[in-house]
Amino acid sequence: MSKAILIDTTRCTACRGCQVGCKQWHNLPANRTYQMGTHQNPPDLNPFNFKLVRFNEHEQKDGTVVWNFFPDQCRHCVTPICKDVADMAVPGAIIQQPETGIVLFTEKTALLSPEDVKAVTDACPYNIPRYNPQTRLLVKCDMCVDRVNAGLPPICVQTCPTGCMVFGNREEILDLARKRLDYARQRHPKAFLCDAEDVNVIFLLAEDKKYYYKYASFA
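These figures come from a predicted structure and were not determined experimentally.

A. A look at the overall build of the protein chain. Assigned secondary structure in the protein chain consists of 6 helices and 10 strands. For 219 residues, the compact-globule estimate of 2.2 N^0.38 gives 17 Å, and the protein chain sits close to it at 17 Å. Across its three principal directions, the C-alpha atoms of the protein chain cover 55 × 40 × 30 Å. Taken over 219 residues, the protein chain has a buried fraction of 52%. Considering only contacts within the protein chain whose residues lie at least 6 apart along the sequence, 58% involve residues at least 24 apart. Carbon and sulfur atoms provide 53% of the accessible area of the protein chain, an area that totals close to 11300 Å². Mean positive and mean negative side-chain charge positions of the protein chain (26 and 24 charges, respectively) differ by 4 Å.

B. Spotlight on the sheet that holds strand β8 (residues 165–169). The strand order across the open sheet built from 4 strands is β8-β1-β10-β9, with neighbouring strands paired in mixed fashion. Each edge of the sheet is formed by a strand with only one pairing partner; in this case those strands are β8 and β9 (192–193). Pairing analysis gives 2 bridges linking β9 to strand β10 (residues 201–205), with the strands arranged antiparallel. Across the sheet, residue leucine 193 finds its bridge partner in β10, namely leucine 204. Here helix α6 (residues 170–184) sits on the sheet and contacts β1 (3–8), β8, β9 and β10; the angle it forms with β8, its principal contact strand, is near 145°.

C. Local environment of the side chain of glutamate 207. Within the secondary structure layout, glutamate 207 lies in the segment after β10. One buried charge, glutamate 207, has no salt-bridge partner; the nearest side chain with opposite charge is lysine 190, at 7.2 Å. Among the polar contacts listed, one links the side chain of glutamate 207 to the side chain of histidine 58, at a separation of 3.4 Å. In terms of polar contacts, glutamate 207 uses its side chain to reach the side chain of asparagine 68, at 2.8 Å. If we skip the residues at most four places from it in the chain, glutamate 207 touches His58, Val66, Asn68, Lys190, Phe192 and Tyr212.

What counts, and where the lines are drawn
Residues numbered from 1 in each chain as written. Predicted model: local features only at pLDDT ≥ 70, side-chain atom pairs only at ≥ 80, totals over all residues. Heavy atoms only, no water. Helix = DSSP H or I, 4+ residues; strand = E, 2+ residues; numbered from the N terminus. Rg over C-alpha atoms; globule rule 2.2 N^0.38 Å. Buried < 20%, exposed > 50% of the residue type's maximum accessible area, 1.4 Å probe, protein only. Contact = heavy atoms within 4.5 Å. Areas by Shrake-Rupley, 256 points an atom, 1.4 Å probe, with all protein chains shown as cover. Lys, Arg positive; Asp, Glu negative; His and termini not counted. Charge placed at Lys NZ, Arg CZ, Asp CG, Glu CD. Pairing = 2+ DSSP bridges. Axes fitted to C-alpha atoms, helices over the stretch in contact; angles between N-to-C directions. Salt bridge = Lys/Arg side-chain N within 4 Å of Asp/Glu carboxyl O. Polar contact = N/O pair within 3.5 Å; in protein donor to acceptor, adjacent residues only side chain to side chain.

So this is what it looks like as structure tokens:
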């Protein structure tokens, strides 16, 4: 049965436990970062950060400053375009686990030509895949497939202290997402679910995606 994650950004406090947990679980090395005038760190996803809490602030008409946090990661699309593109060059470079729906980049991504790497990256509507020039691999979130196959939740869900992230069977998560949306709209009338029918990592946003991240949703 397909698995899914709900990320309810109305509950996100930007503690970045998910970001740190992901890095530790996957044994990813540290990044050299610089102060860029934002609390977001590092500035973007990279081969050593599969999860990144994005920060966005804007001022409302009444002068109130609103902070929006967006724990960015692969959406594990129901029908992954990246896989379709990769299959035309190197079959098996990207696979989708039948029993969970998890989309995985394999070691065969190292066989993709630079042109194919660009094609796969450009095909992703969420700007997720990152290329590691040292290993020549394309990399991204794997939804902690090792944990999921062992009956455990992804580490980002495990470390989330506010209930922002919930993991489970897809239909159950969709049902919960709709309930959370109804509740969120009591305070945020413009709240919506990002591409819920097309992805297995479903974001609930309180307002338009432009106040979060330009790749927050496909639409």
